[in-house]
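For reference, the chains in residue letters:
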Amino acid sequence: MTTVDFITALFSEVDDQLRAIPKHPEARLWPSEVVTLGLLHALKGVGNRAFYRWLTRDYRPLFPRLPERTRLFRLLKTHQNWTQVFLAAPTVLGVIDTYGIELLHPMREGRSPQQIGRKGLSNHRWIVGGKLCLLLNQWGLVVAWECATANVADNSALHQ
């Protein structure tokens, strides 16, 4: 499957789920295009500039009304709640757990003013970074998620 085929299939699935959300008269992109771009950004796993460069260089014909980079990422942040449609329904049985994501070795903490994350415990060891908390239903599908810095206690996750 080529990347164009993947993007087309992803857009088709997203569009099927978001048909009920109308397009604003002044919007350049449809809601399904916005969510597809957000999912592609998450799957690509690179920074904002690199993602936008990749998108405009290789796949601009798929999104002819693509806005300027900063406007696109403001749009993604503003409408991130549209992705809630893709979360699974909760069941009686489920599991919740947190996962520590180490971004920096604890000995290197505080060396940079641009440090991302905080120092905290994860699996009985110190990390500098963040925590991801997932709530899964009995079929292993994601019902809810939350992320925080590593200094947040595990039992305070998912206060929704």
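Coordinates for the structure precede this section.
Residues numbered from 1 in each chain as written. Predicted model: local features only at pLDDT ≥ 70, side-chain atom pairs only at ≥ 80, totals over all residues. Heavy atoms only, no water.

A.B. asks: Just to check I follow, could you spell out the state of the cysteines for this structure?
C.D. replies: Throughout this description, disulfide means a covalent bond between two cysteine sulfur atoms. Taken as a whole, this structure holds 0 disulfides when the rule is applied. In this structure Cys133 is not part of a disulfide, and its nearest cysteine sulfur, from Cys147, lies 10 Å away. A relative accessible area of 3% places Cys133 in the buried class. By relative accessible area, which is 46% here, Cys147 ends up partly exposed. (Disulfide = S-S within 2.5 Å. Buried < 20%, exposed > 50% of the residue type's maximum accessible area, 1.4 Å probe, protein only.)

A.B. asks: Before we go on, may I ask you to explain the packing of aromatic side chains in this structure?
C.D. replies: Each aromatic ring pair is specified by the distance between its two centres and by the angle formed by the two planes. Considering all chains together, one arrives at 3 aromatic pairs under this definition. Plain terms: the ring middles of Phe51 and Trp54 are 5.8 Å apart, the flat faces sit at 40° to each other, and that makes the pair tilted. Linking Phe51 with Trp54, this pair stays in helix 3 (residues 48–58), spanning 3 residues, or about one helical turn. In this pair, the class of Phe51 matches that of Trp54, namely buried. Here Lys119 stacks its cationic end above the ring of Trp126, 5.5 Å away from the centre of that ring. (Phe/Tyr/Trp six-rings, centres within 6.5 Å; stacked < 30°, edge-to-face > 60°. Helix = DSSP H or I, 4+ residues; strand = E, 2+ residues; numbered from the N terminus. Lys NZ or Arg CZ within 6 Å of the ring centre and 35° of its normal.)

A.B. asks: Looking at this structure, how should I read helix 1 (residues 3–17)?
C.D. replies: Helical geometry: 3.6 residues make up each α-helical turn, so side chains three or four residues apart lie on a common side. Compared with an ideal rise of 1.5 Å per residue, which puts 15 residues at 21 Å, helix 1 spans 21 Å between its outermost C-alpha atoms and is within 8% of the ideal. Restricting attention to buried positions, one finds in helix 1 the residues Ile7, Leu10, Val14 and Asp15. Angular distribution of buried residues about the axis of helix 1 spans 130°; they occupy a single face of the element. (Expected span 1.5 Å × (residues − 1). Arc of directions from axis to C-beta.)

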